Amino acid sequence: GDQVEQSPSALSLHEGTDSALRCNFTTTMRSVQWFRQNSRGSLISLFYLASGTKENGRLKSAFDSKERRYSTLHIRDAQLEDSGTYFCAALGGGADRLTFGKGTQLIIQP
Amino acid sequence: DPKIIQKPKYLVAVTGSEKILICEQYLGHNAMYWYRQSAKKPLEFMFSYSYQKLMDNQTASSRFQPQSSKKNHLDLQITALKPDDSATYFCASSQERVSNERLFFGHGTKLSVL
């Protein structure tokens, strides 16, 4: 089946630094979504992309429009509230179900 | 003010019992879903519904039965509970089926089966 590989699995940063998370797909995907799961377990939708890039404040995401086999999430000027587990989820060829990656656990330190 | 309400937030059950997980969405969406998050596993798709009809089913066991009494409801009945069923169950919705739409999640029901 379709596979979504996220990297890194964990990341620890100091406030004010920048980071990049990545998702690779083993097959061409139609769209990708990024979520953040907070300490209470809630999943917060960050981006939905069918192509190109989107930006929201300090967050920016891109989906490779050519081969559609990877997506990135950039966090600029990291803040404490950015801590959490970030998941990408992609929609593949056949079914209408999202396939999730295993997540990147991000810890922002003062 | 959550627009996708899941009840209860936490649930403890004994092996062999039956439970119903409640999900209601107030986003006016036509498609609803169930996903499961077990320890050390990625979120897994379980079911998708569109206009109250089952569209896709990834769950092998018939012990998991979604129930849609109203357009904005998609409950999940689980019978003959096993300890391996322990997980957080997330309900989600989108305007139409997920092929073209952004997905929004509820806060989850954390189920522990003893």
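Anything mentioned here points back to the structure above.
Read on for a plain summary of the structure.

Cut-offs applied
- Here the residue index of a chain counts from 1 through its sequence in written order.
- Written order decides the labels, with chains lettered from A and ligands numbered from 1.
- It should be noted that, the model being predicted, local features are given only for residues of pLDDT at least 70 and side-chain atom pairs only at 80 or more, the latter also being counted only at that level, while totals for whole chains, interfaces and linings use all residues.
- Only heavy atoms go into the side-chain values, all of them from the structure, while hydrogens and water stay out.
- Each helix corresponds to a stretch of at least 4 residues labelled H or I by DSSP, and each strand to a stretch of at least 2 residues labelled E; elements are numbered beginning at the N terminus.
- Just to be clear, the radius of gyration here is over C-alpha atoms, and the globule rule we use is 2.2 Å times residues to the power 0.38.
- Only protein chains enter the accessibility calculation, which uses a 1.4 Å probe; a residue is then buried when its area is under 20% of its type maximum, exposed when over 50%, and partly exposed in between.
- By definition in these notes, contact holds between two residues if any of their heavy atoms fall within 4.5 Å.
- Values of accessible area rely on a 1.4 Å probe in the Shrake-Rupley scheme; residue burial ignores everything except the protein chains shown.
- Neither His nor the chain ends contribute to the count of charged residues, in which Lys and Arg are positive and Asp and Glu negative.
- A charged residue contributes its charge at one atom only: NZ of Lys, CZ of Arg, CG of Asp or CD of Glu.
- We treat two strands as partners when DSSP finds at least two bridges between them.
- To define axes, lines are fitted to C-alpha atoms, for helices over the stretch in contact only, and angles between the resulting N-to-C directions are given on a 0 to 180 degree scale.
- Nonpolar cores are built from buried Ala, Val, Leu, Ile, Met, Phe, Trp, Tyr and Cys residues. Side-chain atoms within 4.5 Å join them into one set.
- For salt bridges, the criterion is a side-chain nitrogen of Lys or Arg within 4 Å of an Asp or Glu carboxyl oxygen.
- Polar contact is defined as a pair of N or O atoms within 3.5 Å, subject to the rule that within protein one atom must be able to donate a hydrogen and the other to accept it, and that residues adjacent in sequence are counted only when both atoms are side-chain atoms.
- By the convention adopted, Pro, Cys, Tyr, Trp, Phe, Met, Ile, Leu, Val and Ala count as nonpolar, Lys, Arg, Asp and Glu as charged, and the other residues, Gly among them, as polar.

Helices and strands together make up the secondary structure of chain A, namely 0 helices and 11 strands. Starting at the N terminus, the α and β elements of chain A follow one another as β-β-β-β-β-β-β-β-β-β-β. Here the C-alpha radius of gyration of chain A, 13 Å, is about what a compact globule of 110 residues would show, namely 13 Å. Dimensions along the principal axes, computed over C-alpha positions, put chain A at roughly 45 × 25 × 20 Å. When burial is assessed residue by residue, chain A has 45% of its 110 residues classed as buried. In chain A, of all internal contacts separated by at least 6 residues, the share reaching a separation of at least 24 is 55%. Per element, the accessible surface of chain A, about 5200 Å² overall, is 46% carbon and sulfur. Positive and negative side-chain charges in chain A, numbering 13 and 11 respectively, have mean positions lying 5 Å apart.

This next bit is on the sheet that holds strand β7 (residues 59–63) of chain A. Residues and elements named next belong to chain A. The strand order across the open sheet formed by 5 strands is β1-β3-β8-β7-β6, and the pairing between neighbours is antiparallel. Only two strands of the sheet have a single neighbouring strand rather than two, namely β1 (4–7) and β6 (52–56). On average, adjacent strands in this sheet sit at an angle of 15° to one another, irrespective of strand direction. Sheet analysis places strand β3 (residues 19–25) next to strand β8 (residues 70–75), joined by 6 bridges and oriented antiparallel. Note on β8: the bridge partner recorded for A20 is H74.

With that settled, consider the nonpolar core. Core analysis: the largest hydrophobic core is formed by 21 residues, its most contacted members being V4, F25, V32, W34, L46, L73 and Y86 of chain A. Every element with two or more residues in this core is listed here: β3, β4 (31–37), β5 (43–49), β7, β8, β9 (84–91) and β11 (104–109) of chain A. With residues near it in sequence (within four places) discarded, L46 of chain A still touches W34, F35, R36, L59, L73 and Y86 of chain A together with R102 of chain B. Listed in part, the 20 residues of the second largest apolar core include A13, C23, F64 and I78 of chain B.

Attention shifts here to the interface of chain A and chain B. It is common to report an interface's size as the accessible area lost on association of the parts. Contacts between the two partners involve 20 residues from chain A and, on the opposite side, 18 residues from chain B. At the junction of chain A and chain B, the tally comes to 1 salt bridge. Across the pair R97 of chain A and D56 of chain B runs a salt bridge, and its minimum N-O distance is 2.7 Å. Taken together, the links from chain A to chain B amount to 7 residue pairs in polar contact (both at pLDDT 80 or more). Counting only elements with at least two residues in the side of chain A that touches chain B, the list comes to β4, β5, β9 and β10 (98–100) of chain A. Here the side of chain A that touches chain B takes 5 residues from β5 of chain A, the largest share from any one element. Considered class by class, the residues forming the side of chain A that touches chain B number 10 nonpolar, 6 polar and 4 charged.

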